[in-house]
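# Summary of the model geometry
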Amino acid sequence: MHIADAEGCELVDGNGKHYLDFSAQLMCSNLGHKNQAVIDAIAEQAQELAYAMPGYATAARAELSQLLLEVLPKNMRKFFFCTGGAEANEAAFKIARMYTGKNKIIARYRSYHGSTSGAIAATGDPRRWAMESAGKLPNVLFGPEAFCYRCPLGHTKATCGTACADYIEHMIVNESDVAAVIVEPIVGTNGVIVPPDEYMPRLRELCTKHNVLLIADEVMTGWGRTGKWFAMEHWGVEPDILVTAKGITSAYVPLGLCATTQAIADYFEDNLFSHGHTYEAHPMTLKPAVATIKEMQRMALVDRAAELAPYMESKLRELEAKHVCIGQVRGKGLFWAVDLVKNRTTKEPFATYSDKINGKPLLVDQIAAKCVADGMTIQAWVSHFVIAPPLIITREQIDFGVALLDKHLVLADEQCIA
Ligand SMILES: Cc1ncc(COP(=O)(O)O)c(C=O)c1O
């Protein structure tokens with residue numbers, strides 16, 4: 001598909017056909033396309049100062065840092081700027097290892113943290129498999145995800161306590177040498193998995209107890225996506241390191257951020273932070289981030305995502321009630337999954353992770369292709385869809401997107417074992 005143009009929540013292909021962008025590309029075009037303020041910021045920065053090496057201060061860097069202090073969790077005080085989520089996670093792991101003097105990172109199976117060797121090593125999903133073992137870094141362990149619909153520990157929500165968090169404590173105690181636990185606060189590509197409310201506070205408590213850093217990977221969940229600036233705010237939990245990218249510039253230019261507490265920053269006043277990139281704190285990436293944050297504030301987009309959430313949820317619940325192929329819809333803000341199953345009782349999905357990696361044709365891709373033919377793009381992954389439109393989406397556009405899913409989910413209904 002050749003994309004020739006895009007504006008607001010719509011893409012336009014080379015033939016002039018319009019498509020609703022129901023997943024904001026890769027869950028990143030949060031402001032929508034062709035925002036004039038961001039475009040102007042890019043042009044102005046190019047005129048003013050296209051590049052300065054990372055050792056220098058720039059006006060864009062100062063302005064963005066000031067704004068970040070306003071919108072990030074209050075304990076995030078110092079910033080390392082790079083060019084994407086994977087790079088930001090690489091920085092987070094190095095910082096955690098240098099600061100704690102420990103080596104191991106605990107991640108979870110249902111996770112994605114990027115494709116560079118450290119980030120893919122901490123990725124639980126099968127995109128890691130091709131890199132096993134020589135192509136990735138050692139010293140990463142995987143714990144269970146907090147996925148109540150398909151609990152990896154076989155619990156039900158009513159009886160589990162916080163078993164999946166408690167198991168991570170068991171790992172920390174028995175492994176020793178654990179520097180950090182990394183979590184996507186709401187697991188993104190792997191199913192928009194919202195943890196139960198007790199989970200994140202418990203994880204915070206046990207990390208603090210064992211002197212292990214908590215890294216929040218808010219690459220996808222940040223920037224208003226879930227109805228808060230950052231998803232950790234839903235549970236009042238402050239991480240030690242926060243990693244983000246994507247929505248920080250609404251994807252207009254490539255920027256990643258690794259933010260830390262003052263205590264971690266202070267450590268590196270006396271100890272060399274042996275890390276960096278030519279394009280670190282690149283002015284062309286920082287100024288558009290300033291414009292993005294100001295546009296989000298001007299249009300109150302974080303509140304808008306929270307306000308539209310009940311509407312999106314009610315439309316998706318109607319789908320769930322109508323289509324036997326839907327096992328569960330779940331999400332927060334403007335971040336939702338429609339999880340398809342062959343059988344609602346057994347919760348058997350239409351495809352497995354192995355099917356995806358082995359290139360087997362997937363039903364969700366077939367349905368997504370039908371949606372494209374009718375004028376909507378949507379992200380499909382293994383046996384679910386990720387709905388994450390630009391935060392400027394209207395109710396009418398939500399109706400349009402959900403109506404197309406309604407039309408084409410019939411294909412999955414027909415293959416259900418009742
Ligand atoms: C949660 C999460 N972390 C990290 C990344 C990697 O970011 P990037 O593709 O910018 O390297 C992604 C990308 O989708 C992501 O969703």
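Note on numbering: residues in each chain are counted from 1, in written sequence order. Given that this is a predicted model, residues contribute local features only at a pLDDT of at least 70 and side-chain atom pairs are listed and counted only at 80 or more, while totals for whole chains, interfaces and linings are drawn from all residues. Excluding hydrogens and water, the side-chain figures rest on all heavy atoms present in the structure.

A pair is scored as a salt bridge if a Lys or Arg side-chain nitrogen falls within 4 Å of a carboxyl oxygen belonging to Asp or Glu. Evaluation of the coordinates by the stated rule reveals 23 salt bridges. A salt bridge links Lys104 to Glu175; the nearest nitrogen and oxygen atoms lie 2.5 Å apart. Here Lys104 is found in strand S5 (residues 104–108), whereas its partner Glu175 is found in helix H6 (residues 163–175), with 71 residues between them in sequence. A residue is classified by how much of its surface remains accessible, and Lys104, at 16% relative accessible area, is buried. Relative accessible area decides the class of each residue, using a 1.4 Å probe on protein chains only: under 20% of the type maximum gives buried, over 50% gives exposed, and in between gives partly exposed. Glu175 sits in the partly exposed class, given a relative accessible area of 26%. Between Glu320 and Arg317 there is a salt bridge whose closest N-O contact spans 3.0 Å. A residue pair is termed a helical-turn pair when its members lie 3 or 4 positions apart in one helix, as Glu320 and Arg317 do in helix H10 (residues 301–322) at three residues. A single network of salt bridges, built from pairs that share partners, joins Asp166, Glu169, Arg202, Glu205 and Lys209. Secondary structure is summarised from DSSP: a helix means a run of H or I of at least four residues, a strand means a run of E of at least two, and numbering begins at the N terminus for each.

Further remarks concern the layout of surface pockets. Roughly 560 Å³ of internal volume is contained in the largest pocket. Lining residues are defined by having an atom within 4 Å of a point belonging to a cavity or pocket. Those points lie on a 1 Å grid over the protein atoms alone, cavities being sets where a 1.4 Å probe fits but cannot get out and pockets being open sets with protein on both sides within 12 Å along at least five of seven lines. What lines the largest pocket is a set of 31 residues, among which Leu26, Tyr112, Val219, Met220 and Lys246 lie closest to the centre. Within the residue set of the lining of the largest pocket, elements represented by two or more residues are helix H1 (24–27), helix H4 (85–100) and strand S15 (379–381). Residues are grouped as follows: Ala, Val, Leu, Ile, Met, Phe, Trp, Tyr, Cys and Pro are nonpolar; Asp, Glu, Lys and Arg are charged; all remaining types, including Gly, are polar. Grouping the amino acids of the lining of the largest pocket by side-chain chemistry returns 16 nonpolar, eleven polar and four charged. Roughly 390 Å³ of internal volume is contained in the second largest pocket. Along the walls of the second largest pocket sit 17 residues, with Lys78, Phe79, Phe80, Phe268 and Phe273 positioned nearest its centre. Per-class residue counts for the lining of the second largest pocket are nine nonpolar, three polar and five charged. Grid points are joined across faces, edges and corners, and a volume is the space filled by probe spheres set on the points.

Turning next to the sheet that holds strand S6 (residues 140–143). At least two bridges found by DSSP between two strands are what make those strands a pair. In space, the seven strands of this open sheet follow the order S4-S10-S9-S8-S7-S5-S6, with mixed pairing throughout. Of all strands in the sheet, those with a lone pairing partner are strand S4 (78–82) and S6, marking the two edges. The mean inter-strand angle of the sheet, taken between neighbouring strand axes irrespective of direction, is 20 degrees. Judged from the four bridges that link them, strand S9 (residues 241–244) and strand S10 (residues 256–260) form a sheet pairing that is antiparallel. By the bridge assignment for S10, Ile241 is matched with Thr260. Residue contacts are counted whenever heavy atoms from the two residues lie within 4.5 Å of one another. Inter-axis angles, ranging from 0 to 180 degrees, are taken between N-to-C directions of lines fitted to C-alpha atoms, where helices are fitted over the stretch in contact. Against the sheet, helix H3 (residues 59–71) engages S4 and S10, with an angle of about 125 degrees to S4. Sheet contacts for H4: S4, S5, S6, strand S7 (178–183), strand S8 (213–217), S9 and S10; angle to S9, the most-contacted strand, approximately 165 degrees.

To define a nonpolar core, start from buried Ala, Val, Leu, Ile, Met, Phe, Trp, Tyr and Cys residues and group those joined through side-chain atoms within 4.5 Å. Ranked by size, the top nonpolar core spans 71 residues in total, and within it Leu340 and Phe385 carry the most contacts. The element that contributes the greatest number of residues to this core is H10, accounting for eight residues. When sequence neighbours within four positions are dropped, the list of residues in contact with Leu340 reads Cys325, Ile326, Gly327, Pro349, Phe350, Val364, Ile367, Ser383, His384, Phe385, Leu409 and Ala412. Ranked by size, the runner-up nonpolar core spans 31 residues in total, among them Ile106, Val178, Val183 and Met200.

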